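Notes for the structure review
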Amino acid sequence: MKRRFPLLALGMVALLAGLAAGLERLDWQLGVAPSLALLHGPLMISGFFGTLISLERAVALDRPLAYAVPALCGLGALLTLAGSRMAGPLLLTLGSLGLAGIFAAALRIQRASFLLVMAAGAVALIVGNAAWLLGQPVPAVVPWWMAFLVLTIAGERLELSRMLLHGARVEHQFLGIVGLYGLSLLLTFIHPPLAWHLTGAALILLALWLLRYDVARHTVRQSGLTRFIAWCLLLGYGWLVVGGLVMLVRGQLVAGPWYDAALHAVLVGFVFSMVFGHAPIIFPSVLGVPVAWRPFFYGHLVLLHAALLVRLVGDVAGLLLWRRWGGLLNALAILIFLGVTVGTTWVEQRRRRKQTFDTYA
């Protein structure tokens, strides 16, 4: 258990540095090196999410060697942050290869379609990291990094959707959408404009599938943590539609407000909404510590989505101030989420220790 905390800490360093880099890109003067702004995407996706997801999968696989994978991702992010343009990306690429290895081991235990989809996400991370290591610009690499997160989350939701006992036709629809998404990725280095249009179409279809067949449309009628998670999921699916629409209509995006709107609709609106919803479940399973859900968790969820709406209005309307403040408030929502998660975990641990002490006193 003790080995997991330092690995998670490496991921948190990547997250905080990635948030600072993002704010620097929005021209918030934080006193950090201007070069840090260029590392926003790699630190957030390969550094933070690469470490977090590989740690989660290492815990699930329960093999000592698997913990080397989040260590590679975390150390790669640290070296990248320190200014290494070779060793850092190299370790991140090796970490993504290790994540694919974890999924290969899991598939030998259980041959399941949802694991294949998540493994495809790991392959997308390998391609993205390797292309970045070889000098490809970030806009050319972003579709692969984004696919890593989208396919990982989609695979998890496919697994949980089986509780509703959908027929084979429903799963085949899902896999067909994933196939379209895969085709779009293969075209990114061949015909980028068409690739972006197809990516947008695939994301919209995936979001519509999730809105129709995911358990969230049923659990949102319940209460407490279950309902909170459902709202996180449904709001995230809505933003996935928004991001997909921008890509479908605009085609290839390399910079500017539409690029900002499309990426952050997916990577903030969809991905971080999933993180907010799954944290009360993932943290206990990964770290073995309880997270007590409270109704005020809705506060950072509302702030995340309201701030993202402000940011996207700023993008579309050319209101730079709205874009900057939306980005700042998005970062604040993520920081509040971290603070609330750590705080409630600490309080719950103290309560349980006191309860145990009172029992044996």
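Residues numbered from 1 in each chain as written. Predicted model: local features only at pLDDT ≥ 70, side-chain atom pairs only at ≥ 80, totals over all residues. Heavy atoms only, no water.

Describing the environment of Phe-103
The following threshold applies: Numbering goes from the N terminus for both helices and strands, where a helix is a DSSP run of H or I of at least four residues and a strand is a run of E of at least two. We call a residue buried when its accessible area falls under 20% of the maximum for its residue type, exposed when it is over 50%, and partly exposed in between, using a 1.4 Å probe and counting protein chains only. Contacts: residue pairs with any heavy atoms within 4.5 Å of one another.
By the secondary structure assignment, Phe-103 is in helix 4 (residues 87–109). Accessibility expressed as a relative area gives 1% for Phe-103, which makes it buried. Through-space distance from the C-alpha of Phe-103 to that of Asn-330 is 32 Å; in sequence the pair is 227 residues apart. Apart from residues no more than four positions distant in its own chain, Phe-103 is found in contact with Arg-57, Leu-115, Met-118, Ala-119 and Ala-122.

Structural notes on a nonpolar patch on the surface
Heads up, the condition is: Patch definition: residues above 30% relative accessible area lacking any salt bridge, with like charges linked at up to 9 Å and the nonpolar side chains Val, Leu, Ile, Met, Phe, Trp and Tyr linked at up to 5 Å. Using the Shrake-Rupley algorithm and a 1.4 Å probe, accessible areas are obtained, with residue cover drawn only from the displayed protein chains. Counted as salt bridges are all cases of a side-chain nitrogen of Lys or Arg within 4 Å of a carboxyl oxygen of Asp or Glu.
A grouping of Leu-309, Val-313, Leu-319, Leu-321, Trp-322 and Trp-325 is seen on the molecular surface, where their side chains present a nonpolar patch of about 560 Å² in accessible area. For the nonpolar patch, the secondary-structure elements that each account for two or more residues are helix 12 (297–317) and helix 13 (320–360). For the nonpolar patch, the element with the most residues is helix 13, which contributes three residues.

What about the pattern of salt bridges?
One pass over the structure, following the stated rule, counts four salt bridges. Arg-311 is paired through a salt bridge with Asp-260; the nearest N and O atoms lie 2.7 Å apart. In this pair, Arg-311 sits in helix 12 while Asp-260 sits in helix 11 (residues 257–287), placing the two residues 51 residues apart along the sequence. Just as Arg-311 is buried, Asp-260 falls in that class too.

Digging into a positive patch on the surface
Condition: His is not counted, nor are the chain ends; Lys and Arg add positive charge and Asp and Glu add negative charge. Where a charge sits is defined by one atom per residue type, namely NZ (Lys), CZ (Arg), CG (Asp) or CD (Glu).
A cluster of basic side chains, namely Arg-169, Arg-212, Arg-217 and Arg-221, defines a positive patch on the protein surface. Tracing the chain through its elements places Arg-217 in helix 9 (residues 216–219). We classify Arg-217 as partly exposed; its relative accessible area is 33%.

Things to note about helix 7 (residues 168–186)
The test is simple: Working rule for helices: expected span equals 1.5 Å times residues minus one. Within this analysis, the arc is defined by the directions that extend from the helix axis to the C-beta atoms.
With 19 residues, helix 7 should reach 27 Å at 1.5 Å per residue; the first-to-last C-alpha distance of 27 Å fits that figure. When we look at burial in helix 7, the residues that qualify are Val-170, Phe-174, Ile-177, Val-178, Tyr-181, Ser-184 and Leu-185. The arc that holds the buried residues of helix 7, viewed along the axis, is 110 degrees, so those residues lie on one side. Seen from the open side of helix 7, the exposed residues pointing more than 90 degrees away from its buried face are Arg-169, His-172 and Leu-186.

Things to note about the nonpolar core
We apply this condition: The criterion is simple. A nonpolar core is a set of buried Ala, Val, Leu, Ile, Met, Phe, Trp, Tyr and Cys residues joined through side-chain atoms within 4.5 Å.
Within the largest apolar cluster, 121 residues are counted, with the highest numbers of intra-cluster contacts made by Phe-49, Met-146, Tyr-181, Val-266, Phe-270 and Phe-272. Tallying contributions element by element places helix 11 first for this core, with 18 residues. Apart from the residues lying within four places of it in its own chain, the contact partners of Met-146 are Tyr-181, Thr-199, Leu-203, Met-247, Leu-263, Val-266 and Leu-267.

Re the side chain of Asp-260
The class for Asp-260 is buried, based on a relative accessible area of 5%. Leave out the neighbours within four places in its chain, and Asp-260 touches Arg-311, Asp-315 and Arg-323.

Description of the environment of Ser-285
Note that Ser-285 resides in helix 11. Of the residues examined, Ser-285 reaches a relative accessible area of 43% and is grouped as partly exposed. Along the chain, Ser-285 and Glu-56 lie 229 residues apart, while their C-alpha atoms are 8.2 Å from each other.

What about helix 10 (residues 224–250)?
An ideal rise of 1.5 Å per residue puts 39 Å on 27 residues; helix 10 measures up with 40 Å between its terminal C-alpha atoms. Backbone geometry just downstream of helix 10 places Gly-251 in the positive-phi region, at approximately 75 degrees.

As for the side chain of Thr-51
Checked against the element boundaries, Thr-51 lands in helix 2 (residues 40–61). By relative accessible area, which is 1% here, Thr-51 ends up buried. Non-local contacts of Thr-51, meaning those with residues more than four positions away in its chain, are made with Leu-7, Gly-11, Ser-46, Pro-70, Cys-73 and Gly-74.

Considering the confidence of the model for the chain
In low-pLDDT regions, the fine details of the predicted coordinates are not to be read closely. Basically, it comes down to this: What pLDDT reports is the predictor's confidence in each residue, on a scale of 0 through 100.
Model confidence for the chain is summarised by a mean pLDDT of 91, while 96% of its residues fall at 70 or above. Highest mean pLDDT in the chain belongs to helix 12 (97); lowest belongs to helix 13 (83).

As for the environment of Gly-11
Among the structural elements, Gly-11 can be located in helix 1 (residues 4–25). Considered as a pair, Gly-11 and Ala-77 are 66 residues apart in the sequence and their alpha carbons are 8.1 Å apart. Every residue in contact with Gly-11, bar those within four places of it in the chain, is listed here: Phe-48 and Thr-51.

Some thoughts on the packing of aromatic side chains
By convention here, two paired aromatic rings are described through the distance between centres and the angle between planes. To keep it simple, the criterion reads: For Phe, Tyr and Trp, where Trp contributes only its six-membered ring, two rings pair if their centres lie within 6.5 Å, and the inter-plane angle classes them as stacked under 30 degrees, edge-to-face over 60, or tilted in between.
Under the defined criterion, the tally for this structure stands at twelve aromatic pairs. With 5.1 Å between their ring centres and 80 degrees between their planes, Trp-28 and Trp-325 make a pair best called edge-to-face. Separated by 297 residues along the polypeptide, Trp-28 in the loop between helix 1 and helix 2 and Trp-325 in helix 13 bring together distant segments of the chain. A relative accessible area of 42% means that Trp-325 is categorised as partly exposed.

Examining unusual backbone geometry
Although it is not a glycine, Asp-27 adopts a positive phi angle of roughly 70 degrees. Considering the arrangement of structural elements, one finds Asp-27 in the loop between helix 1 and helix 2. In this structure, Asp-62 is a non-glycine residue whose phi angle is positive, near 60 degrees. Among the secondary structure elements, Asp-62 is positioned in the loop between helix 2 and helix 3 (68–81). The exposed category is assigned to Asp-62, whose relative accessible area is 57%.

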